[in-house]
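# Chains, contacts and geometry: an overview
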Amino acid sequence: MGLGLFIIMIAVGAILTFASDWEVEAVDLDLVGLILMAVGFLGTAVYTSVLRRRRMVVPPVAPTVTDDRRDLL
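Within each chain, residue numbers correspond to sequence positions counted from 1 in written order. For this predicted model, a pLDDT threshold of at least 70 governs which residues receive local features, and a threshold of 80 or more governs which side-chain atom pairs are given and counted, while totals over whole chains, interfaces and linings are taken from all residues. Computation of side-chain values: all heavy atoms of the structure, hydrogens and water removed.

Right, let's get into the overall build of the protein. Every helix listed is a DSSP run of H or I at least four residues long, and every strand listed is a run of E at least two residues long, numbered separately from the N terminus. If you tally the helices and strands in the protein, you get two helices and zero strands. The buried share of the protein, reckoned over its 73 residues, is 18%. In the protein, the proportion of contacts linking residues at least 24 apart, taken out of those at least 6 apart, comes to 57%. Working definition of accessibility: Shrake-Rupley area with a 1.4 Å probe, residue cover restricted to the visible protein chains. Looking at the protein as shown, the accessible area adds up to about 6700 Å², and 66% of this sits on carbon and sulfur atoms. Throughout, exposure labels follow a simple rule: accessible area from a 1.4 Å probe, protein chains only, divided by the maximum for the residue type, with under 20% read as buried, over 50% as exposed, and the rest as partly exposed. Residues count as neighbours in contact if any of their non-hydrogen atoms are within 4.5 Å of one another.

Here is the structure:
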């Protein structure tokens with residue numbers, strides 16, 4: 001499940017809640033829309049928090065310099 005899926009869930013939930021006037025006997029479409037929007041917002045928050053942890057900046061490792069020459073006396 002990607003971020004796009006959660007955004008689509010928010011959009012479909014908003015359409016069902018605010019823009020439709022369909023009547024279904026056994027289903028309250030306003031409630032289904034609110035649930036879809038809630039799951040979409042929660043999923044977006046969780047996804048972005050996990051993504052932020054995954055993108056931790058690791059400083060580059062400095063190259064090791066070895067000096068193989070020896071001072072001869």
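Quick look at helix H1 (residues 3–19) now. Its 17 residues give H1 an end-to-end C-alpha distance of 23 Å, which sits within 8% of 24 Å, the value for a rise of 1.5 Å per residue. Among all positions in H1, only Phe6, Met9, Ile10, Gly13, Leu16 and Thr17 are buried. Viewed end-on, H1 has its buried residues packed into an arc of 135°, placing them on one side of the element. For H1, the exposed residues lying more than 90 degrees away from the buried face are Ile8, Ile15, Phe18 and Ala19. One less than the residue count of a helix, multiplied by 1.5 Å, gives the span that helix is expected to have. The arc refers to the directions leading from the helix axis to the C-beta atoms.

Our focus in this paragraph is a negative patch on the surface. By definition, no residue in a patch forms a salt bridge, and every one has over 30% relative accessible area; like charges are joined within 9 Å, nonpolar side chains (Val, Leu, Ile, Met, Phe, Trp, Tyr) within 5 Å. Salt bridge, as applied in this entry: a Lys or Arg side-chain nitrogen positioned within 4 Å of an Asp or Glu carboxyl oxygen. Within this scheme the basic residues Lys and Arg register as positive and the acidic residues Asp and Glu register as negative, but His and the chain ends are omitted. Where a charge sits is defined by one atom per residue type, namely NZ (Lys), CZ (Arg), CG (Asp) or CD (Glu). Taken together, the side chains of Asp21, Glu23, Asp28 and Asp30 make up a negatively charged region of the molecular surface. Mapped onto the fold, Asp21 is located in the loop between H1 and helix H2 (29–54).

By themselves, these figures tell us nothing about what the structure is for.
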